[in-house]
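# Observations on chain architecture
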Amino acid sequence: MSRTDSEAVRDRAPRRRPAPAVATPPPAPERRARRWREATPWLFMLVPLALLVVFTYAPVINMVAYSFTDWDGVSPELEFTGAGNYAEIFTRPELFQVFFVSGYYLAASVVQIAAALYFATVLSFHTRFRNFFKGVLFFPYLINGVAIGFVFLYFFQDGGTLDSVLRLFGVTTDHAWLGSSTSANVSLAGVSVWRYMGLNFVLFLGAIQSIPGELYEASELDGANRWQQFRHIIAPGIRPIIGLSVILAVSGSLSVFEIPYIMTGGATGTETFVIQTVKLAFQFNKTGLASAAAVVLLLIILVVTWVQRRLVPDDKVDLV
């Protein structure tokens, strides 16, 4: 047999495949170390998750359960009423009329977002005493809401701080700022603007400062002014934060409580849905009906937030 024939026979012969390598398990200390690494994040999250379940999810579940009963909040006995509380809510128009008050706060939130965006844009550039003005704008958000309510209660009372300041400019008025529905709601909405503008200001300022400085330098070389920089660089760059602020503003206007409750107690047409719910629970001892109202408010806020997210999706911004 020639060499060529022998090579052909060798090529046709079945080749033996190498035996697969058997994976040796890692040693026990390495396995334990890997398990500890995987479990470490859950150990850090254990306490926050426990607090979240105990103080958020468990009360919500209890609230939903109470909404199907006639519990008065005191008696150990309660009776299952089914959807009776929800039927009463949707068949009593006066329970939903208080949502018109939220329109004042919704309009105030527009002013609040616009003012916060303006100050954040101005103070993001090199301005004299800008750190001082940052502190001045953010300081009201740090004050307790109850304290703010009492301060502005004296501010708007007859002959109070506002009337005294107006007299310095030659304006005399005997108008009761919290005496009528329109003026009281406008005054309370103005207080909410003063208090919460600092939060939006900080959000906008942080978002603006995260925009690369090279974009401003390139726009200045092209001859862009401040308005053009805001329109083409700042506004598109912070669009997700603006969307978040709008969501917070709408949900906050539907659930206003602290300021009107402290300053007027819901009198003179300033009662909000949350104040009405608190009165149902603690003044009229209708905890079951109040729980149903709270569930309805929660669902309304979730639906409104979902609609906002659908209309204004959180797209990724690319300015380059």
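In the block above lies the structure referred to throughout.
Attention here is on the structure that accompanies the text.

What counts, and where the lines are drawn
Residues numbered from 1 in each chain as written. Predicted model: local features only at pLDDT ≥ 70, side-chain atom pairs only at ≥ 80, totals over all residues. Heavy atoms only, no water. Helix = DSSP H or I, 4+ residues; strand = E, 2+ residues; numbered from the N terminus. Buried < 20%, exposed > 50% of the residue type's maximum accessible area, 1.4 Å probe, protein only. Contact = heavy atoms within 4.5 Å. Areas by Shrake-Rupley, 256 points an atom, 1.4 Å probe, with all protein chains shown as cover. Expected span 1.5 Å × (residues − 1). 1 Å grid on protein atoms, 1.4 Å probe; cavity = no way out; pocket = protein on both sides within 12 Å on 5 of 7 lines; lining within 4 Å. Points joined across faces, edges and corners; volume = space filled by probe spheres on them. Nonpolar A, V, L, I, M, F, W, Y, C, P; charged D, E, K, R; others polar.

A word on the overall build of the protein chain. Secondary structure summary: the protein chain contains 15 helices and 0 strands in total. Split into buried and exposed, the 320 residues of the protein chain put 31% on the buried side. Of all intrachain contacts in the protein chain linking residues separated by at least 6 positions in sequence, the fraction that spans at least 24 positions is 67%. Of the accessible surface of the protein chain, which amounts to about 20900 Å², a share of 66% is contributed by carbon and sulfur atoms.

Another aspect to go through is helix 12 (residues 239-254). Its 16 residues give helix 12 an end-to-end C-alpha distance of 23 Å, which sits within 8% of 22 Å, the value for a rise of 1.5 Å per residue. Of the residues making up helix 12, those classed as buried are Gly-243, Ser-245, Ile-247, Ala-249, Val-250, Ser-251, Ser-253 and Leu-254.

For the largest pocket, the calculated volume is near 390 Å³. Looking at the largest pocket, it is lined by 20 residues, and the ones nearest its centre are Gln-112, Tyr-196, Leu-248, Gly-252 and Ser-253. Counting only elements with at least two residues in the lining of the largest pocket, the list comes to helix 5 (102-124), helix 9 (181-209), helix 12 and helix 13 (258-263). Within the lining of the largest pocket, the residues separate by chemical class into 10 nonpolar, 8 polar and 2 charged. Ser-124, Phe-125, His-126, Ile-208, Gln-209, Ile-211, Gly-213, Tyr-216, Glu-217, Glu-220 and Arg-226 are the residues that line the second largest pocket. Those elements that place two or more of their residues in the lining of the second largest pocket are helix 9 and helix 10 (213-221). Tallying contributions element by element places helix 10 first for the lining of the second largest pocket, with 4 residues.

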